[in-house]
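# Commentary on secondary and tertiary structure
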Amino acid sequence: MRATQKLAWTAATLVVLLGLNQIFEHGFGDFQINPYYARVIELIGINITLAVSLNLINGVAGQFSIGHAGFMAVGGYVGTYLTVYYGAAVTGWFGVGVTDAVGGSIAMVVSLIGGAIAAGVAGLAVGIPSLRLKGDYLAIVTLGFGEIIRVIILNIPSVGGATGFTDAIPITNFFWIFAMAILTIVIVRNLTASTFGRALATIRDDEVAAEAIGIGTTWHKVMAFAVSAALAGVAGALSGQLFANPLNPQNLNFVKSIEVIIMIVLGGVGSITGAVLGATTLTILPEVLRGFDQEFPGLRMVMYALLLILMMIFRPQGLLGRREFGWHWLRWPNRSRIPVALTEAGDTKAHTPAPPGDPRSALGEGDEEGDSRG
Amino acid sequence: MASAVTSSAPVLELRSVTQRFGGLTAVKDLSMTIAPGALYGVIGPNGAGKTTVFNLLTGVYDPTEGEIWLRGTRIDGRAPHEICRLGIARTFQNIRLFADMTVLENVMAARHLRSRQRLTDALIGTRRHQTEEREMRDRAMALLRMFDLERHAEERSTALPYGSQRRLEIARALATDPILLLLDEPAAGMNPQEATDLMDLIRRVRDEFHLTVVLVEHNMKVVMGICETVQVIDYGEVIAVGTPEDIQRNPDVIRAYLGAG
Ligand SMILES: Nc1ncnc2c1ncn2[C@@H]1O[C@H](COP(=O)(O)OP(=O)(O)OP(=O)(O)O)[C@@H](O)[C@H]1O
Ligand SMILES: [Mg+2]
């Protein structure tokens, strides 16, 4: 795409988002969106940001992190803190209030950038020591990190401690949620489709071979991890400033991290559209299953678990596998331009290595060859 | 030609390199000097330490003792990716392709180390990103053509037949622009016709890319057919160095292979 085209697309996206935001927040004519549906849609947007960003490190680079809720907490608390304690001062410079449309946007930008930087730095602090090592260290360290963050937050009264950050100012709206979801998708997609993405894929497939072709595996893993963490921070800042949805350390434990992992596993590890699909499905599913709880309290979670188990039995590669959903799905299968690597046909044909010949008989053969030459 | 080549400074020099794994000495006081443009063979019985030598050269292990020099730069103790950047590329005895990537992507990934892109180029999709992506693809396709793998470009790398996988690994190694190419048993698992073709290919690669090649191989027809110098190691120690003709007559070598008599 050329630069002018890119600008046009960006402008068009912004206009559409602003239009939808207007309908979403203020209605259109007689139409008012049901607040319950509105909340589900907002959570879908935030979960898309979480799932797509986690997919960069867990799916594309193949490093197993269980700390996404921790980074979400860091970004969320820092972002919300900035608005609560400095929002009025910052928007005051522009002569507007935090709760105005314009002031809210200014505060949101500050909050998102602050949250992203804080979570990104936390990502570096966790990633640099643990990603140098091969193996499951990242899983263990990120798990520990998430719990440490939670305990720290519980002990900071100015952010609400165990009651949650209820002082938060509700400046998050439809526009920001989906602008950030789209930005996350674009960032992860552009990285994945680039030479950096290929480098991450080599690390996922074989770290020894990746180093052997000159790829600095530690640097690449840390970079992907920090970007992923920063985007989780963005999701946190959005979530914490959503109306009547205060951040609470109890909800940002490792169960939340697992929830995001389930989203990408359900959608298909490594697939961006899969992560979007997984985030959407798993946000809606518990709501749809809510009816079961009226019949028999607790049945909802049983159904939820059952569906996931069935899914893992019948489609372990996730809904989309590694593929991306796109228009080519509508084309005639044989003519589709999906590389074989991305279809399942490639799975069955792997050849197994033959054993190397016996050296002793090989020398004999070589002797003869040498003699006849000499 | 031989004299002109051997008179210049060595590409690779190992000085009394020793590698111990706990109580086991896999490589013992090994020295090796390889001239630019050489086709150098390393042979020895199973477990002699040949692969360990390659792992030492590429930084997978740091030698317990000794020094390794590449064209006047000391390389032991450096990370494998740095050593690759300095010009050593390798293949693996037990093929290590990127299984979930296509044939083309396997080779393109090996151009990454020569990329001048910053992260922001990729994020915004700058002109540099676009032209480089095209260059990478073109270079990779040219290599695939040379290795007769062009028509498999979009296939999954591990779906290739075994001999093609070995050739793909060589193509991938060449994509890093090496000055020294290490091949660990490239003929293993190949049929006689493939092995013969491989001999031509290795010679061609050496000549066209102006490389130095070190070949570890159990297939004596291949080693004796293309190497100018052959070094024999047994229990991590050098037992002979010389031309293929010398090596085949050397009593120590015959004893090492046939067992102590
Ligand atoms: N990482 C390691 N840890 C412990 N021992 C090792 C290690 N790598 C190699 N060895 C041992 O060092 C010795 C040399 O192994 P190496 O793989 O270098 O032999 P080789 O000459 O390549 O044999 P082959 O012809 O079978 O490939 C063997 O005894 C092997 O078991
Ligand atoms: Mg070996």
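Computed from a predicted model, the values in this text were never measured in an experiment.

Scoring rules and cut-offs
- Residues numbered from 1 in each chain as written.
- Chains lettered and ligands numbered in written order.
- Predicted model: local features only at pLDDT ≥ 70, side-chain atom pairs only at ≥ 80, totals over all residues.
- Heavy atoms only, no water.
- Pairing = 2+ DSSP bridges.
- Helix = DSSP H or I, 4+ residues; strand = E, 2+ residues; numbered from the N terminus.
- Donors = N, O, S within 2.8 Å, 3.2 Å for Na, K, Ca; no water.
- Axes fitted to C-alpha atoms, helices over the stretch in contact; angles between N-to-C directions.
- Contact = heavy atoms within 4.5 Å.
- Buried < 20%, exposed > 50% of the residue type's maximum accessible area, 1.4 Å probe, protein only.
- Arc of directions from axis to C-beta.
- Polar contact = N/O pair within 3.5 Å; in protein donor to acceptor, adjacent residues only side chain to side chain.
- Phe/Tyr/Trp six-rings, centres within 6.5 Å; stacked < 30°, edge-to-face > 60°.
- Near = heavy atom within 4 Å.
- Areas by Shrake-Rupley, 256 points an atom, 1.4 Å probe, with all protein chains shown as cover.
- Nonpolar A, V, L, I, M, F, W, Y, C, P; charged D, E, K, R; others polar.

Residues and elements named next belong to chain B. Within the open sheet, the four strands sit side by side as 2-1-4-5. Their pairing is antiparallel. Single-partner strands in this sheet number two, and they are strand 2 (24-34) and strand 5 (73-74). Looking at chain direction, strand 1 (residues 12-21) and strand 4 (residues 65-70) are connected through five bridges and run antiparallel. The residue of strand 4 that forms the bridge with Leu14 is Ile68.

Residue and element names in this part refer to chain B. Bridging between strand 4 and strand 5 involves two bridges; their strand directions are antiparallel. Bridging across to strand 5, Trp69 finds its partner in Arg74. Connecting the antiparallel pair strand 4 and strand 5 is a turn made up of two residues, with Arg71 showing a positive phi of about 45°.

Leaving glycine out, the prevailing phi sign among residues is negative, and the prevailing peptide bond configuration is trans. The phi torsion at Ala244 of chain A lies on the positive side, around 50°, for a residue other than glycine. Summarising the element assignment, Ala244 of chain A is placed in the loop between helix 9 (217-240) and helix 10 (254-267).

Time to look at the coordination of the magnesium ion (ligand 2). Surrounding the magnesium ion (ligand 2) are the protein donor atoms Thr51 of chain B (OG1) and Gln93 of chain B (OE1), which sit 1.9 to 2.1 Å from the metal. Residue Thr51 of chain B is located in helix 2 (residues 50-57), and its partner Gln93 of chain B is located in the loop between strand 6 (88-90) and helix 4 (103-109); the two are separated by 42 residues in the primary sequence.

A few words on the sheet that holds strand 8 (residues 212-216) of chain B. Residues and elements named next belong to chain B. Read from one edge to the other, the open sheet built from six strands follows the order 6-7-8-3-9-10, with strand pairing classed as mixed. The open sheet has two free edges, formed respectively by strand 6 and strand 10 (237-242), since each of these has just one partner strand. Averaged over all neighbouring strand pairs, the angle between strand axes comes to 20°, with direction disregarded. Bridge count between strand 3 (residues 39-43) and strand 9 (residues 229-234): four bridges; the pairing is parallel. Counterpart to Val42 in the pairing with strand 9 is Gln231. Set on the sheet, helix 2 makes contact with strand 3, strand 6, strand 7 (180-184), strand 8 and strand 9; between it and strand 7 the angle comes to about 150°. Along the sheet, helix 11 (residues 251-258) contacts strand 3, strand 9 and strand 10; its crossing angle with strand 10, the most-contacted strand, is approximately 130°.

Let's shift gears to helix 11 of chain B. All names here are of chain B. Among all positions of helix 11, only Val253, Ala256 and Tyr257 are buried. Viewed end-on, helix 11 has its buried residues packed into an arc of 90°, placing them on one side of the element. Exposed side of helix 11, more than 90 degrees from the buried face: Pro251 and Leu258 are the residues found there. The distance from a side-chain oxygen at the start of helix 11 to the backbone nitrogen of Asp252 is 2.8 Å, and the residue carrying that oxygen is Asn250.

As a further point, take the packing of aromatic side chains. Residue and element names in this part refer to chain A. Inspection of every chain in the model, using the stated rule, returns 10 aromatic pairs over all chains. Judged by centre distance (5.8 Å) and plane angle (40°), the rings of Tyr36 and Tyr37 are tilted. Measuring from centroid to centroid gives 5.7 Å for Tyr77 and Phe165, while their planes differ by 15°, and the two rings are stacked. Here Tyr77 is found in helix 3 (residues 68-93), whereas its partner Phe165 is found in the loop between helix 5 (137-154) and helix 6 (174-192), with 88 residues between them in sequence. By relative accessible area, which is 6% here, Tyr77 ends up buried.

Let us look at the site of ligand 1. Residue and element names in this part refer to chain B. Near ligand 1, the surroundings consist of 14 residues, among which Lys50, Thr51, Thr52, Gln93 and His218 are the closest. A distance of 3.2 Å separates an oxygen atom of ligand 1 from a polar backbone atom of Ala48. A distance of 2.7 Å separates an oxygen atom of ligand 1 from a polar side-chain atom of Thr51. Bound to the protein, ligand 1 loses 65% of the 640 Å² it would expose on its own. Considering each element in turn, the shell around ligand 1 owes the most residues, three residues, to helix 2. For the shell around ligand 1, the class distribution of residues is five nonpolar, seven polar and two charged.

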